[in-house]
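One letter stands for each residue in the lines below.
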Amino acid sequence: MKEITPKISVIVPMYNAEKYLKLCVTSILEQTFKDFELILIDDCSTDKTLEVAESFTDSRIKILRNEKNLGMPGAVRNIGIDAAQGEYTYFCDSDDAILPKCLETLYNAAEENNADLVNMTQWYRSQTSDFQNIKNIPVTQMKMAAAAPVSSDLKTRITQEFLANKMHVSPGIFFHRRKFLIDNKIKFPDEIPVAEDVIFTFDMVCAANKIIKIDTPFYIYRVHSDSISHTAEKMQRNIQCLIKLHKNIEEKLLPLNDFEFTQKVLNYWTNHVSGSYILPFVRDNNSETFFEMSKALQQIFEKNSSFVLTLLQIYSQFRLANAKSRNTQVKLAAENKKLKNALENIQKQITEVTKA
């Protein structure tokens, strides 16, 4: 007898989520669309996350337990992709929630349009991190400008979706045909702790034959006020994501044979990622940390020196604007001038090499 598979696999990675998991799971189980499996993946939580997950008796729930903590959100989501049986896959973070018609709307949009991807161009941000239900919670509606229809030309598509309209990259606003992910070998990078969703989204948009967009928001993103420490170790770790990001983009755009366009795309994503994951180290640490970061970036991106110097210019200008002492301002201004001169020299060298 042929096994009946679900239409949708909803994947929820979990780590120390006991405070939020009940609401997340409940919001999924109460969907108007019923034909789905819910895959909960515990990454060795040290609190009562597993107890909360096991308190649900719904037969659609599958609980997976990692033998060791992976500590990488992409790696945990990849386990869900491998375990999924549904025709479509969808991700929801364990501290977020979805509205009742989310799966129904996404599924119908994909089926009616034979789409590889469905993208929500709007979503909600909760104005409080401790909401206990999805009724009458204070939320802010978010919207990303999005070109439609999505171009079949790769260069035009990337320009429209990212450079011009800045498509959001959160996993919760995408609905994917599982065969599309498998056929194109699309997974999250499992060796970096941040910006893994950038690479995953970029790969999907580059590979998809058809992307459908819906304007109705269904995803509720929980805003956390927890402070994040910016240590030197985290700085080095986050810089590593830029290595993977650059390599991935260069590989995807190599067939275009367009150096200037590739640099434009690299700079766009570098600004996006560095603003979230590297710039805070410049803001929260002293000049010594700044110089350590400068050295690390130059060592890593020696083949992309122009990009490094551009990035460091941005950091120098940021610190210059926020410096409290005049001596620091003068010093940073001098550093910025040196970086600018070095950048101009590098750009000339690149131009000469490109022409050759």
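Quick look at the structure, then. In this text, all values refer to a predicted model and were calculated from it rather than measured experimentally.

**Re the packing of aromatic side chains**
Per the stated rule, a full pass over the model turns up 11 aromatic pairs. Both rings, one in Tyr88 and one in Tyr107, keep their centres 5.6 Å apart while their planes meet at 85°; by these two values the pair is edge-to-face. One end of the pair, Tyr88, is in strand S4 (residues 88-91); the other, Tyr107, is in helix H4 (residues 102-113), and 19 residues separate them in sequence. Like Tyr88, the residue Tyr107 is buried in the burial classification. Taking the ring centre of Phe188 as reference, the NZ or CZ of Arg77 above it sits at 5.0 Å.

**Some points on unusual backbone geometry**
Glycine aside, negative phi is the norm for most residues, and most peptide bonds take the trans geometry. The backbone of Asn136 shows a phi angle near 60°, a positive value even though the residue is not glycine. Even without being glycine, Ala195 reaches a positive phi, approximately 65°. Tracing the backbone shows Ala195 in the loop between helix H6 (178-183) and helix H7 (196-207). Residue classification places Ala195 among the buried residues on the basis of a relative accessible area of 4%.

**Quick look at the pairing of strand S11 (residues 219-222)**
As defined by bridge partners, strand S5 (residues 97-98) adjoins S11 across two bridges and the pair is classed as antiparallel. Across the sheet, the residue bridging to Ala97 is Ile220, located in S11. Bridging between strand S7 (residues 122-126) and S11 involves three bridges; their strand directions are parallel. Bridged to Tyr124 within S11 is Ile220.

**Observations regarding the side chain of Glu37**
By the secondary structure assignment, Glu37 is in strand S2 (residues 36-42). Residue classification places Glu37 among the buried positions, given a relative accessible area of 4%. Of note is the side chain of Glu37, whose polar atom sits 2.5 Å from the side chain of Ser9.

**Observations regarding helix H1 (residues 21-29)**
Among the nine residues of H1, seven are classified as buried, and the element is accordingly described as predominantly covered. Within H1, the full set of buried residues consists of Leu21, Leu23, Cys24, Val25, Ser27, Ile28 and Leu29.

**Some details on helix H5 (residues 154-164)**
Taken together, the buried positions of H5 are Arg157, Ile158, Glu161, Phe162 and Leu163. End-on, the buried residues of H5 take up no more than an arc of 160°, which puts them together on one face.

**Digging into the side chain of Ser129**
Within the secondary structure, Ser129 sits in the loop between S7 and strand S8 (139-143). A relative accessible area of 18% means that Ser129 is categorised as buried.

Rules and cut-offs
- Residues numbered from 1 in each chain as written.
- Predicted model: local features only at pLDDT ≥ 70, side-chain atom pairs only at ≥ 80, totals over all residues.
- Heavy atoms only, no water.
- Phe/Tyr/Trp six-rings, centres within 6.5 Å; stacked < 30°, edge-to-face > 60°.
- Helix = DSSP H or I, 4+ residues; strand = E, 2+ residues; numbered from the N terminus.
- Buried < 20%, exposed > 50% of the residue type's maximum accessible area, 1.4 Å probe, protein only.
- Lys NZ or Arg CZ within 6 Å of the ring centre and 35° of its normal.
- Pairing = 2+ DSSP bridges.
- Polar contact = N/O pair within 3.5 Å; in protein donor to acceptor, adjacent residues only side chain to side chain.
- Arc of directions from axis to C-beta.

Everything listed is a geometric property; what it means functionally is a separate question.
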